[in-house]
Amino acid sequence: MTGSPAPTSIVVRMRVNGHDCEMLVPVRLTVAELLRDRLGLTGTKVSCEMQVCGACTVVVDGDPVSSCTALACDLDGTEVLTVEGLAQGRDLHPVQEAFMEANALQCGFCTPGFIMMAVALLDACRGADQDKIREWMDGNLCRCTGYAPIETAVTLAASRMGAGSRGDDH
Amino acid sequence: MTAVPRSDAWEKVTGRARYAVDMALPNMAHAAVVRSERAHARIAGIDRAEAEAAPGVIAVVTADDLGDLGRRFGHIVPDHAVLAEGKVRYYGEPVAVVVAETPHEAADAAALVWVDYDDLPALTDSAGALASDVLVHEQSYTEPGQEFLGVAPTPSADNVAHRNELAWGDAEAALATATTVVETTATFPLVYGYAMETYNALADWQPGSLHVVSTAQHPLMVRKELARMFSLPLAAVRVEVPYIGGGYGTKSYTKLEPLAAAASWASGRPVKVTTDVEAAMYTTRADGAVVTVRTGFDAGARICARDIDIRFDTGAYADNSPLVLTKSINRSFGPYRIPNLRVRGVAAYTNTTPASSYRGFGAPQGALAGELNMDMAADRLGIDPVELRRRNLLAPGDTIIDGKRPLDADLAADIDAIVDALDQHAADRDAADRDAAADAGVRRGRAVAVTASDAGASPISTAQVRMHADGSVTLLVSSTEMGQGSRTALAQIAARELGVDLEAVAVGQSDTRFTPFEWTTGASRTTTVVGLAVQAACADLWDNLRAKAADSAGIPVDDVVVHGGRLHLAAETLTPAEVIRRWFGADAGEVVGVGVIRRDGVTEMLPPFWEIGAVGVEVAVDEATGEVTVEHLVTVGDVGHAINPDLVKGQDLGAATQGLGIALWEEMIYDGEQLTNPNLIEYRVPRLRDTPRRVTSVLAERGDGAGPYGAKGAGEGALNPVPAAVAAAVGRAVGVWPTELPLTPPRVWSLLHQAEPGP
Amino acid sequence: MAVLPELGLVRSGDLDEVLAAVDYDHAPYAGGTELVPAMGLGLRRPAAIVDLKRVEALKGIEVDADAGTVTIGAAVTHRRLSDHPVVREHLPTLAAAASRVGNARVRSTGTVGGNLCFAEPRSDLGCVLLALGATAEVRSARGARILSIDELIVGAFETSLEPDEILTTVAVPFEPPGMSYWKLQSYERPTLGVALVVTESQWEVTVGAATERPTRAVIVAGDTAGLAAFVDGLELSDDMTGPPDYKRSVLRGYLERALGTTR
């Protein structure tokens, strides 16, 4: 491995919202920069850049990830889901529907991140109870709503999506 | 009216809603800002050769490169340097802008700009600044006679950014003869509003025109400042504001727009400037305050005088703080009968992030000491604090400030609603089968606080409704949508006035080239003031439709009657769409109505409305850790009429939650010259698991507002009294009155230990 | 928005290749939850990062029933640690602590090795692993060393790793009966963490988060004076989560309740 300097760009092959995609990316490029600046998927928002606020949450191979501090070079071989990939045509994902119904948004800047976090949670743990919902969603910040409607929305989505689990959670 | 869903919900849950940070223009370049690493220093030199030679760099811009452009902005005091010139006044101040082809290249090159500083003594607290010979600003920027909204700038000297006073009667004499005098001093922290979309601006300068897309709450105020900076006519400056990712007043007035515009002018390219949270914390914060309240009571526990001193820490530039200080003065003494009053306020320049508007606009600062003082007084007088307030509250129609609108709210009824809710919670708790162990080591306290704010700002607003050939409507206003739901609520008003379905009303985004004049989007004014403009526009539209119906039928206009969303002529009844199509002679055309609000009619008397804040809290304090849990929060949305109840409740809970953040967690901490917590790990804001265990949201709809259907504004009211209420409740729980916020666990622990000296 | 500096990448599935690459300018990189923000802030400026995530040898969780240990690869995420049946069976306190690290995103990407090697004092795993008597295997191209957690974490943000070394695995003895972990977390990171192993004869007390590094004491059961001396002797940090007096008071109060020594 010694001798030649480490490359500063690498080719990644991934699936983004169901579409295969191959790109040469700088190692310094974050997942959020890849999505927003190179793929035009601006639904993913960046705010705290410290993995605290969750606005930039996307789902990579089923796991919630802070796209602002994850490197695009790590996406090689993965499947990435962003807020733009949730709806099936005109049909919204149950989590999106629940956020609309529960009036769980105001300015909307945190909304994609909350929705992706809830999608990851309910994918990992369909029958998530109140404690589980609070534990997961506590990792996202909202400055507008005071959270109560967001908790209601995720609870509503959880009840609609029913029990069942990806199997590696509890 | 009704809780219809938000019109922006689909866009926002699908990620399709556009914010300024999402916008791009062809051939756009990117900026990185070089920020000061000193709080106060002369700029000895800037070496930018290395940066200019770096890959992708188009321009490096410093104050020396601004040519004929205006160097400073500031709508009240034009003191705010676009780029630091000669010296820097706070850590994080923009010194240079590097414009490059990509954000990476701009950032890499910005690290190669070397600034030499000669340090000056840094003034980092307001008391020290007022006593110091060192000046943050060596010159005064104001012209005699200049004023903004009735606020005349104070010529700066001795680090005074602004000074103001409000008085009637003889407070000093009345306090000397009062039966009881109670004094309270409370410190309100430096807080950062943390709108999650951090400040950003995209500017495209071309000869004779300037186009800016930004996070501005007040696009027309920004247009005015940019027009002055570039010596352009107002019409040549276009400020476009898509959805805003949180505002809360922190995006009021001008922020990054001059920097982006200067970078575009200097580079000849459209340029985008963004901030991270750290840079946003260096852009604007709220005024910190130390407030002392002395209240005199007679033998019947009635207030005979209040004497209040307010000292603001306003930071390096005045921005909107002179107005915030003036409002803080008006909002500090509370909606009580006060025969003798004196409030003196001073805003001090310091070498810290400039302060400006934040939700509540001076009210939370004043109310912290003012309302805490009422609780302390109640204790001293041996009266229940709610009873003390009831005894002194103003009644509907009473004068709060001479010459201003009389009180348009029933505060006693609001307080009754709070007390009922707090009692209900206590009863439910006592009735529940409770584990005694859960109560061990827990102390409880509850408190009520109330505020009245002269809100609504200047009642200048214009709305335009364009009815199309099918009867549907496009509503144009320059009010910005930052989550409060104005597009939804204003569409509801238009739909009701025009008798059309809500789905038939489209509301455009704010864009000064296309949407009509609006003073600001702040001071909780939109539903009331813009709502009135929308109503007026709809009335104008009906007049125009009547005229066209009469014209088409060849009858006098008086023979056309509007009723039930239809135009009734002697021979027939027409829908508006039929009138339009008939008049144009085609399935085409449109009819426009324009509504204008100024200081006239229902909005002649200022303020347009008094915004009420009325809340109750019950807190639990963990004796071992000092952690405070809000067990119950009660808000009263005294809004006259809720156009959309869900939106009002959303505003109330959101505002109250920000109040809880200030009360319990939020504080920008300076250690010497530098902010020690410029990130969300250490600047802690309320999280989901901090939310009150129970929330009671009451809507008081008494139709007593000047707005549409008796509406008054919401949005700030529920924040204003919360810090005071939490401070009083914690004080009751621990037995010592807090003197400063936030009430972090170690601070509460320290209060607990003051109450009971340790073994 | 913050931008990362120019960066190279070394990626291999082979441990020896990875070890050959790591040095002062080539930083080991796994979850990135600490390293990436540190690079964004300019606190770390490696020329390249060396990706450990594709090395299978660093991702195992293996139980040795005879030895009574669970061996955890450095690149195992908090999420996998907390959810793994073996960990939940033999190291339930560790699993529970891992399930409460940061937030669900940090747990999905952050790793055991990153957590220990960054040596952020306001952390849980170091405290729990020290209490469990875990040992760390540290490797370089020059060979391997076995260190106790005490030997690995030597100060705030400071380990005894040489620039060319990486942490490969942590061997953790099965949890003894009577173990618990409690933390006070009023901020994003814990203010104070306390791991206890209580038996009839002794109290093992390990304190973390408020100290520069996790600190352990073994006290004869009932020796309240010894316990007090330990608590009073701790050097506690003074930061925004509270002054030392506060942390000591909370610690004292917790220990009194947990050990039943309330006066």
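All values reported here derive from a predicted model rather than from experimental measurement.

Visitor: For this particular structure, what's the right way to read the packing of aromatic side chains?
Guide: One pair of aromatic rings is described through two measures. These are the centre distance and the angle between the planes. Inspection of the entire model under this criterion finds 12 aromatic pairs over all chains. Pairing Tyr-90 of chain B with Tyr-317 of chain B gives two aromatic rings, centres 6.4 Å apart and planes at 80 degrees, and the pair type is edge-to-face. Of the two residues, Tyr-90 of chain B is situated in the loop between strand E6 (87–88) and strand E7 (94–100) and Tyr-317 of chain B in the loop between strand E17 (303–315) and helix H9 (321–332); the sequence distance between them amounts to 227 residues. Like Tyr-90 of chain B, the residue Tyr-317 of chain B is buried in the burial classification. Put simply, the rings of Phe-109 of chain A together with Tyr-19 and Tyr-243 of chain B touch in pairs and so form one group of aromatic residues. Seen from the ring of Tyr-709 of chain B, Arg-496 of chain B lies directly overhead, with NZ or CZ sitting 3.7 Å from the centre. The aromatic ring of Trp-665 of chain B is capped on one face by Arg-684 of chain B, whose charged end is 3.6 Å from the ring centroid.

Visitor: How should the domain arrangement of chain C be read in this particular structure?
Guide: One widely used convention gives an interface's size as the accessible area the parts lose upon coming together. Per the domain assignment, the segments making up chain C are domain 1 (8–51), domain 2 (56–173) and domain 3 (179–259). The centre of domain 1 of chain C, based on its C-alpha atoms, is set 34 Å off from the matching centre of domain 3 of chain C.

Visitor: What am I meant to see in the domain arrangement of chain A here?
Guide: Residue and element names in this part refer to chain A. What the domain assignment lists for chain A is domain 1 (9–85) and domain 2 (94–161). A C-alpha centroid distance of 21 Å is found between domain 1 and domain 2. Contacts between the two partners involve 15 residues from domain 1 and, on the opposite side, 13 residues from domain 2. Overall, the association of domain 1 and domain 2 removes approximately 1,200 Å² of surface from exposure, summing both partners, and the carbon and sulfur fraction of that is 70%. When the area that domain 1 buries against domain 2 is broken down by residue, the three leading residues are Lys-45, Thr-57 and Val-83, summing to 36%. Viewed at the interface, domain 2 and domain 1 are joined by zero salt bridges.

Visitor: Is there a simple way to think about the interface of chain B and chain A in this case?
Guide: With 46 residues of chain B at the contact, the number on the chain A side is 47 residues. Surface buried jointly by chain B and chain A totals about 4,000 Å² across both partners, of which 57% is contributed by carbon and sulfur atoms. When the area that chain B buries against chain A is broken down by residue, the three leading residues are Val-13, Met-196 and Leu-688 of chain B, summing to 20%. Put simply, chain B and chain A have six salt bridges between them. Two residues, Arg-143 of chain A and Glu-666 of chain B, come together in a salt bridge whose shortest N-O distance is 2.9 Å. Applying the counting criterion to the chain B and chain A interface returns 24 residue pairs in polar contact (both at pLDDT 80 or more). The set of elements that each furnish at least two residues to the side of chain B that touches chain A consists of helix H1 (9–13), helix H3 (103–110) and helix H17 (645–664) of chain B. With eight residues, the single largest contributor to the side of chain B that touches chain A is H17 of chain B.

Visitor: Is there a simple way to explain the interface of chain C and chain B in this structure?
Guide: Of the residues lining the interface, 20 residues belong to chain C; the matching set on chain B comes to 22 residues. Regarding the contact of chain C and chain B, the summed buried area is about 1,800 Å², with carbon and sulfur atoms giving 61% of it. With its nearest N and O atoms 2.4 Å apart, the salt bridge here joins Arg-687 of chain B to Glu-188 of chain C. Our count for the chain C to chain B interface comes out at five residue pairs in polar contact (both at pLDDT 80 or more). Sorting elements by how many residues they give to the side of chain C that touches chain B places helix H11 (residues 244–259) of chain C first, with five residues. Residue composition of the side of chain C that touches chain B, grouped by class: 10 nonpolar, five polar and five charged.

Conventions used here
Residues numbered from 1 in each chain as written. Chains lettered and ligands numbered in written order. Predicted model: local features only at pLDDT ≥ 70, side-chain atom pairs only at ≥ 80, totals over all residues. Heavy atoms only, no water. Phe/Tyr/Trp six-rings, centres within 6.5 Å; stacked < 30°, edge-to-face > 60°. Helix = DSSP H or I, 4+ residues; strand = E, 2+ residues; numbered from the N terminus. Buried < 20%, exposed > 50% of the residue type's maximum accessible area, 1.4 Å probe, protein only. Lys NZ or Arg CZ within 6 Å of the ring centre and 35° of its normal. Domains from an automatic or database assignment. Contact = heavy atoms within 4.5 Å. Buried area = accessible area lost by both parts, 1.4 Å probe. Salt bridge = Lys/Arg side-chain N within 4 Å of Asp/Glu carboxyl O. Polar contact = N/O pair within 3.5 Å; in protein donor to acceptor, adjacent residues only side chain to side chain. Nonpolar A, V, L, I, M, F, W, Y, C, P; charged D, E, K, R; others polar.

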